[in-house]
2 protein chains.
Amino acid sequence: MSAAYNTTPELLPEPTLRRLPWYLAYVSLLHSRGVEYVSSTQIAREINVDASQIAKDLSFLNIKGKTRIGYEVENLKSELEYFLGFSEKHNAVMLGVGSLGRALIQDSGLSRYGLNIVAGFDIDPTVVGTSINDVPVFDIAELDSRCPELGAEIGVVAVPIEAAQEAADCLVAAGIKALWNFTPFRIRVAADIVIQNTSIYSHLAVMYNRLGSRSFLDR
Amino acid sequence: MSAAYNTTPELLPEPTLRRLPWYLAYVSLLHSRGVEYVSSTQIAREINVDASQIAKDLSFLNIKGKTRIGYEVENLKSELEYFLGFSEKHNAVMLGVGSLGRALIQDSGLSRYGLNIVAGFDIDPTVVGTSINDVPVFDIAELDSRCPELGAEIGVVAVPIEAAQEAADCLVAAGIKALWNFTPFRIRVAADIVIQNTSIYSHLAVMYNRLGSRSFLDR
């Protein structure tokens, strides 16, 4: 274990955790181009974040840049992947195998970023018992009994809005420690449960507004 | 046209635009349960946002609550959908029909929130010429010629990191006015182009860290 790390994992500021994957994306691009070194100034220029902020964010990692040369690209890439948890497997179950849940199971990108969806759960008898990309779909009634053997810590919530809270409660009761909520519903959970809201549809509202949709002027 | 609206669409604060869909989700739930009225205090209790903030956010809408009764649920629901642009069709093209692009095309949720994906574009000869859920996939070389006839204002970017900037440049050159970027790459565009970043994988990093993954302690 490196002396740079504490005995308990550090709770990083969320803005830092959201910026680090940007750096990783840029560094991966450089790596694919065969670039060997990159400075924080260079990253700053490319992705429009202050160089001092970047240096600060990267100071959480077990990596040091060299004066005038910067960071080793390959090393920075693997340190970022490691630090962000992308190079490790995190077992997850998908609650709701409708359109979005099915799409997420089929997206191989998630596994590249460490999310290993091991099973889906649904109430629809036409999907229960089937498999999607080798991921079996079980009846939601089996959540309690199957979760321990599946070794899943993460529950992805992709159910209709009206079922979101109940789905979350079931997952927590089955021992799930973190919820990735894809519904726009504000799920309430106990303080010791991690919750991450990714309401992709809400982002559409921002885009539509910025696009200056004139619809509401023409009524 | 209602007097409540300006002649140009108001540029709403992004936090407001991100909260409004939460209210819509809750109000939709109440609507499905047959509830007729809801107060901002009640919404506040459910979704953990200050009642005064909610009242302020809702003041942008063309709707008034009644003293002691609150807002009409059905009316608030349709006003929110209308205001957020969800009840209108916005034509979009998907750039990159790999795993994520294909998944997004297959997600019927997007069309319920007003996003109408009319075509996909890719460079892979095995997907060009095929259709996904009746959405045709064209060669990326045809972007310029096809965009005007497709009537698309929005380009969804779901290409590999190393192709993200080039994909964005092609979309803008073809007349696209807004980019919905699903890659973690920080795309640079001219100031008049709307960009919305939805890097779902970045959210995983926050969740992994909060879960207190002990991996980096065990090296």
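To be clear, the structure that these remarks concern was listed above.
Conventions and cut-offs
- Residues numbered from 1 in each chain as written.
- Chains lettered and ligands numbered in written order.
- Predicted model: local features only at pLDDT ≥ 70, side-chain atom pairs only at ≥ 80, totals over all residues.
- Heavy atoms only, no water.
- Contact = heavy atoms within 4.5 Å.
- Salt bridge = Lys/Arg side-chain N within 4 Å of Asp/Glu carboxyl O.
- Helix = DSSP H or I, 4+ residues; strand = E, 2+ residues; numbered from the N terminus.
- 1 Å grid on protein atoms, 1.4 Å probe; cavity = no way out; pocket = protein on both sides within 12 Å on 5 of 7 lines; lining within 4 Å.
- Points joined across faces, edges and corners; volume = space filled by probe spheres on them.
- Pairing = 2+ DSSP bridges.
- Axes fitted to C-alpha atoms, helices over the stretch in contact; angles between N-to-C directions.

Colleague: Is there a simple way to explain the interface of chain A and chain B in this structure?
Modeller: It is common to give the size of an interface as the accessible area that goes away when the parts come together. Facing the 78 residues of chain A at the interface are 78 residues of chain B. Summed over the shared surface of chain A and chain B, the result is two salt bridges. One salt bridge in this structure joins A:R188 and B:E46, with 3.4 Å as the shortest N-O distance. Among the elements of the structure, α1 (14–32), α2 (40–47), α4 (73–83), α5 (99–106), α6 (109–112), β8 (178–181), β9 (194–197) and α9 (200–210) of chain A are those that each provide at least two residues to the side of chain A that touches chain B.

Colleague: I would appreciate a short explanation of the layout of surface pockets in the present structure.
Modeller: To find the voids left in a structure, one rolls a probe of water-molecule size over its atoms. Space inside the largest pocket adds up to approximately 780 Å³. The wall of the largest pocket is formed by 35 residues, among which A:V159, A:P160, A:I161, A:E162 and B:R112 lie closest to the centre. For the lining of the largest pocket, the secondary structure elements donating two or more residues are α5, β4 (115–122) and α8 (164–173) of chain A together with α1 (14–32), α4 (73–83) and α6 (109–112) of chain B. Sorting elements by how many residues they give to the lining of the largest pocket places α1(B) first, with four residues.

Colleague: Looking at this structure, how should I read the sheet that holds strand β5 (residues 131–132) of chain A?
Modeller: Pairing between the strands of a sheet is mediated by backbone hydrogen bonds and can be parallel or antiparallel. Residues and elements named next belong to chain A. If you walk across this open sheet you meet the seven strands as β5-β6-β4-β3-β7-β8-β9, and the pairing is mixed. Two strands lie at the open edges of the sheet, namely β5 and β9, each paired on one side alone. Relative to the sheet, helix α7 (residues 143–150) contacts β3 (90–95), β4 and β6 (135–139), its axis offset from that of β4 by approximately 165 degrees. Running over the sheet, α8 touches β3, β7 (154–157) and β8 and is turned about 165 degrees from β7.

Colleague: Can you help me understand the sheet that holds strand β9 (residues 194–197) of chain B in this one?
Modeller: Taken in spatial order, the seven strands line up as β5-β6-β4-β3-β7-β8-β9 (chain B) in an open sheet, and their pairing is mixed. Where the open sheet ends on each side, the last strands, each with one partner, are β5 (131–132) and β9 of chain B.

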